[in-house]
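Structural features, examined
Okay, here's what each chain looks like letter by letter:
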Amino acid sequence: MTAAQAVTRRLAELVLVFLGVMFIIYVMVFTLPGDPIMALGGDRPLPENVVAELRSRYHLDEPVWKQYLYYLQGLAQGDLGTNFSGQPVADRLAARWPVTIALALTAWGIELVIGVGLGLYAGLRRGRVGDRVVLAGTILAASVPVFVVAVSAQLVFGVQLGWFPVAGTTQGWPTAYLLPAACIAVFGLASIARLMRGSVIDTMSSDFVRTLWAKGLTRRQVVGVHVTRNSAIPVLTYLAIDLGYLLGGTVIIEGIFNLPGVGQLLFQAIRAHEGPTVVGVSTALIIVFLVANLVVDLLHTALDPRIRHE
Amino acid sequence: MKARVRATVGVAALGLVLAACGSTDAEDEPTTTETEGPSGSISIAVTDPGQLTPGRQTVAYDFSMAVFAPLTFIDDASEMTYVAAESVESEDATTWTITLREGWTFHDGTPVTAQSYVDAWNTVAYGPNAFENSGQLANVVGYEDLNTESDPATEMSGLEVVDESTFTVTLAGPDSQFPLQVSQAQTAMYPMPEVAFEDLEAYDRQPIGNGAFVMVGEYVENDPIELEAYPEYQGPAPTISAMTLVPYSDTGTAYTDVLAGNLDVASLPPDRTAQAESDFGDRIYAFEAPGIAFLGIPLADERYQDIRVRQAISMAIDRETINEVIYGGLYEPATAFTPAIAPGTPVGICGELCEYHPEDAKDLLDEAGGFEGTIDIYYPGGIGLDEMYAAIANNLRQNLEVEAVATPSTDWAEFYETRLNGDAPGPFFSRWGALYPSQQNTLRVFFVENGGCTNCIPWYDDEVAELIAEADATVDSDDAASAYAVVQERILEEFPAPPLFFETYSYVTSERVEVLPTSAVGNPLFSQTVLAEDA
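Residues numbered from 1 in each chain as written. Chains lettered and ligands numbered in written order. Predicted model: local features only at pLDDT ≥ 70, side-chain atom pairs only at ≥ 80, totals over all residues. Heavy atoms only, no water.

Quick look at the overall build of chain A now. Of the regular secondary structure elements, chain A holds twelve helices and zero strands. Secondary structure elements in chain A, listed N-terminal to C-terminal, are α-α-α-α-α-α-α-α-α-α-α-α. Counting only C-alpha atoms, chain A reaches 85 × 60 × 30 Å along its principal axes. Relative to its 310 residues, chain A shows a buried fraction of 45%. Contacts in chain A between residues at least 24 apart in sequence constitute 73% of all its contacts with a sequence separation of at least 6. On chain A, roughly 15000 Å² of surface is accessible, and the fraction owed to carbon and sulfur atoms is 68%. One finds the centroid of the 22 positive side-chain charges in chain A at a distance of 16 Å from the centroid of its 19 negative side-chain charges. (Helix = DSSP H or I, 4+ residues; strand = E, 2+ residues; numbered from the N terminus. Buried < 20%, exposed > 50% of the residue type's maximum accessible area, 1.4 Å probe, protein only. Contact = heavy atoms within 4.5 Å. Areas by Shrake-Rupley, 256 points an atom, 1.4 Å probe, with all protein chains shown as cover. Lys, Arg positive; Asp, Glu negative; His and termini not counted. Charge placed at Lys NZ, Arg CZ, Asp CG, Glu CD.)

Next up on the list: the overall build of chain B. If you tally the helices and strands in chain B, you get 16 helices and 19 strands. Taking 535 residues into account, the globule formula puts the C-alpha radius of gyration at 24 Å, and chain B, at 24 Å, falls close to it. Its C-alpha atoms put chain B at 70 × 55 × 40 Å along the principal axes. In chain B, which comprises 535 residues, the share counted as buried stands at 59%. Looking at chain B alone, contacts between residues at least 24 apart form 70% of all its contacts between residues at least 6 apart. Summing over all exposed atoms, chain B offers an accessible surface of approximately 20200 Å²; the carbon and sulfur share of this is 47%. With 19 positive and 89 negative side-chain charges, chain B shows a spacing of 9 Å between the two charge centroids. (Rg over C-alpha atoms; globule rule 2.2 N^0.38 Å.)

Given two aromatic rings, one states the distance between the centres and the angle between the planes to describe the pair. Residues and elements named next belong to chain B. The full count for this structure, using the stated rule, is 33 aromatic pairs over all chains. Note on Tyr327 and Tyr331: the rings are 4.4 Å apart at their centroids and 5° apart in plane angle, and the pair reads as stacked. Taking the relative accessible area as the measure of exposure, Tyr327 reaches 4% and is therefore buried. Seen from their ring centres, Phe337 and Phe495 are 6.3 Å apart, and the 75° between their planes marks the pair as edge-to-face. Here Phe337 is found in the loop between strand S13 (332–333) and helix H11 (358–367), whereas its partner Phe495 is found in the loop between helix H16 (477–494) and strand S17 (499–509), with 158 residues between them in sequence. What makes Phe337 buried here is its relative accessible area of 0%. What links up through ring pairs into an aromatic cluster is the set Tyr378, Tyr379, Tyr389, Trp412, Phe415, Tyr416 and Phe429. (Phe/Tyr/Trp six-rings, centres within 6.5 Å; stacked < 30°, edge-to-face > 60°.)

Next up on the list: the environment of Asp282(B). As for its placement among the helices and strands, Asp282(B) is situated in the loop between helix H8 (273–280) and strand S12 (284–296). Remark: the alpha-carbon pair of Asp282(B) and Arg310(B), spanning 28 residues in sequence, is separated by 38 Å.

Here we take up the domain arrangement of chain B. Residues and elements named next belong to chain B. For chain B, the domain assignment lists domain 1 (5–249 + 510–531) and domain 2 (286–504). One C-alpha centre belongs to domain 1, the other to domain 2; they are set 32 Å apart. Domain 1 puts 28 residues into the contact, and the matching count from domain 2 is 19 residues. Around 1600 Å² of area is buried between domain 1 and domain 2 when both sides are counted, 62% of it from carbon and sulfur atoms. When the buried area of domain 1 at its contact with domain 2 is split by residue, Ser78, Ser176 and Gln177 rank highest and sum to 25% of it. For the interface between domain 1 and domain 2, the tally reads one salt bridge. In this structure, the salt-bridge partner of Asp175 is Arg444, at a minimum N-O distance of 2.9 Å. Residue composition of the side of domain 1 that touches domain 2, grouped by class: twelve nonpolar, twelve polar and four charged. (Domains from an automatic or database assignment. Buried area = accessible area lost by both parts, 1.4 Å probe. Salt bridge = Lys/Arg side-chain N within 4 Å of Asp/Glu carboxyl O. Nonpolar A, V, L, I, M, F, W, Y, C, P; charged D, E, K, R; others polar.)

We now examine the side chain of Asp204(B). All names here are of chain B. Within the secondary structure, Asp204 sits in helix H6 (residues 200–205). Residue classification places Asp204 among the buried residues on the basis of a relative accessible area of 6%. Excluding residues within four positions of it along the chain, Asp204 makes contact with Gly50, Gln51, Leu52, Thr53 and Arg56.

Residues and elements named next belong to chain B. Within the span of helix H15 (residues 462–472), buried status applies to Val464, Leu467, Ile468, Ala471 and Asp472. All buried residues of H15 project into a common sector of 140° when viewed along the axis, lining one side. Within H15, the exposed residues directed more than 90 degrees away from the buried face are Asp462, Glu466 and Glu470. Tucked inside the fold, the buried residues of H15 contact helix H14 (439–447) and H16. (Arc of directions from axis to C-beta.)

Residues and elements named next belong to chain B. Counted under the stated rule, the structure contains one cavity of 30 Å³ or more. Taken as a whole, the largest cavity spans an internal volume of roughly 30 Å³. Around the largest cavity sit Ala84, Leu100, Arg101, Trp104, Val112 and Tyr117, which together line it. In terms of residue class, the lining of the largest cavity is made up of five nonpolar, no polar and one charged. (1 Å grid on protein atoms, 1.4 Å probe; cavity = no way out; pocket = protein on both sides within 12 Å on 5 of 7 lines; lining within 4 Å. Points joined across faces, edges and corners; volume = space filled by probe spheres on them.)

See below:
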């Protein structure tokens with residue numbers, strides 16, 4: 001099967017996954033306990049007529065399958081729907097994607113550079129002090145909850161040292177994004193470093209590396225080209241999945257650092273029981289996740305021609 | 001308590017401090033174009049408002065009060081003064097004549113007239129618009145006609161323009177508290193300029209008001225909102241020249257940002273009250289607010305029907321300690337059925353029943369035959385109330401020797417619907433923050449059927465309803481206040497729900513803020529903020 005065919009088949013699978021997932025999410029939001037319209041006014045009750053008008057405006061007075069059809073109908077015309085105060089979901093998403101993308105890519109970059117670097121360093125110095133330090137450090141980093149890391153970082157670097165803003169995006173990239181990105185990156189970075197370390201150790205003891213040494217290649221050639229490239233395959237899979245996760249799973253960090261990104265939007269939308277927003281955001285996230293995986297599969301063949309699409 | 005003292009002294013000292021620091025600020029602030037007058041700006045943490053039209057907003061009070069001016073204003077001593085109105089008067093408390101002050105303009109330069117008010121109120125009340133705050137006008141004659149199922153009217157018959165600066169409001173029944181109902185936090189009562197009615201959606205993104213501050217640029221979700229002083233403003237001059245309202249999704253983050261000095265004012269999240277004093281020292285403000293929290297009792301459950309059970313629960317709760325430990329002493333144990341800030345409130349009427357008497361509580365419960373099963377306290381989860389309700393459950397378990405647990409709902413929507421349907425499994429969260437400091441508002445909301453907080457205290461008594469109506473019809477404000485106090489005597493006889501706390505709304509400020517004043521609605525009066533001299 002050629003790469004083009006593989007891509008086509010994967011895309012066809014994607015469409016089916018979407019329709020199913022979207023419906024499930026829609027129903028889940030619909031069945032959340034509590035009435036979203038009544039809760040619009042906080043603890044101040046809305047007049048009955050206001051509630052009735054808003055219910056019919058957003059089709060909440062009709063059965064869920066019908067609401068879903070209205071939603072799909074709009075979707076077919078490129079309309080992602082609105083929230084309960086009439087703001088279009090598409091606009092909200094468009095306003096928030098840049099924040100999340102900047103955050104995710106910054107975090108990913110940190111993970112990639114530091115994680116792979118540390119892994120390589122530790123793997124090549126197996127059993128020595130440097131290796132031990134990296135191992136201990138990564139265990140510690142992976143076991144501290146991201147919430148604790150974020151709040152501590154805020155207090156130390158934002159309040160006491162004043163190096164970074166505590167919250168918000170007003171100072172722009174990179175200043176406003178470095179601290180939150182570093183906090184998210186901590187966990188992924190630790191995993192990548194450990195993964196890379198193991199992979200490097202495996203590769204170093206493999207037959208082809210011994211052959212390379214025997215051929216008289218320099219350390220720089222062996223490690224810099226062959227070992228790194230071959231060790232990178234498992235790490236790459238992790239990195240791709242992690243990018244998908246970063247693009248969608250940064251709810252906590254976006255909340256703590258007050259970054260108006262997609263994760264925060266999703267969180268607010270779930271709390272407000274806004275079906276169209278939740279489905280819109282989730283769908284976008286699924287697309288990102290699946291595309292990231294697709295890209296990895298294709299990259300695998302580039303790094304290691306022995307891997308074929310079957 | 002330090003914070004409280006400072007808040008009260010602050011307003012009195014306002015004029016003096018102003019005189020002292022007004023001129024130096026002007027030199028430090030190059031962005032201000034005016035050479036005299038107020039200068040300096042502050043940044044304030046807010047919840048992203050979503051909707052800004054006063055008749056629609058639900059979380060944009062700070063914005064509304066800056067961009068709009070009320071007819072009447074009630075200060076932190078509960079004294080009423082006129083702002084946009086020259087007078088609000090009535091012979092019979094049913095038909096009210098509102099006379100506007102001359103010379104007021106909207107930010108677009110058009111004059112504020114009686115018609116501006118009548119048009120705005122009709123728009124807010126018009127059913128198909130579905131404006132969230134339309135209920136504030138429900139007492140005006142003709143409100144129902146704008147909210148019929150089919151073919152609703154567009155104008156309330158109870159509103160009549162007399163001349164350019166006078167209009168009359170006819171209410172469905174006498175209501176002595178009407179002048180208080182047109183004060184600063186009742187945002188449905190604000191006027192709107194003609195341009196608003198041409199495109200309500202566009203107006204919602206950039207409201208043009210009659211207040212001290214003009215909104216600069218359109219609203220973009222989650223972007224800071226910039227406000228600038230309106231030079232033609234006819235009301236009390238603001239002490240600052242600009243405000244920035246910065247949306248935060250997490251109140252804890254806003255708190256930290258004030259700590260770092262990047263933000264000037266944020267509300268104090270409940271879960272930070274214990275550490276606030278060490279973080280902010282005397283830069284904490286606890287404003288007395290027209291809010292009160294009860295422990296709602298599910299009276300349909302026969303185990304709670306004996307009044308002694310309810311009294312025992314009340315006396316088993318150690319309000320003082322909960323306040324000290326969980327709220328850093330910023331709250332105030334409740335001793336009446338309306339907030340103390342509402343004039344005429346019979347503070348202390350609850351007596352021993354609102355005090356901590358664990359032995360008496362146990363005896364009283366035994367006398368009533370004890371309690372079968374578990375007291376399952378139900379409260380909304382995710383808004384920082386966990387410690388308080390866990391503490392109350394502990395109090396009940398230890399002092400009454402009954403099983404008691406506190407269970408949160410998953411979110412506000414679930415809690416709200418459960419309470420509305422009267423399905424709470426046990427005693428429940430029940431609070432109300434009034435929008436004007438009158439006993440009437442709190443009494444009506446809790447104790448009149450469909451008064452607002454439905455099933456917050458599921459006890460609707462004919463005698464209470466009659467007494468409230470009598471007080472409503474009392475034109476003289478002092479007499480009315482005494483009449484509302486009589487209602488509370490009747491409530492005490494049945495003791496349908498233990499009062500817990502008189503609420504305070506608490507804020508922390510950066511070092512740039514010298515004095516943060518407040519008004520009777522308990523939130524800061526940002527337009528009169530006094531900045532520190534070197535800010």
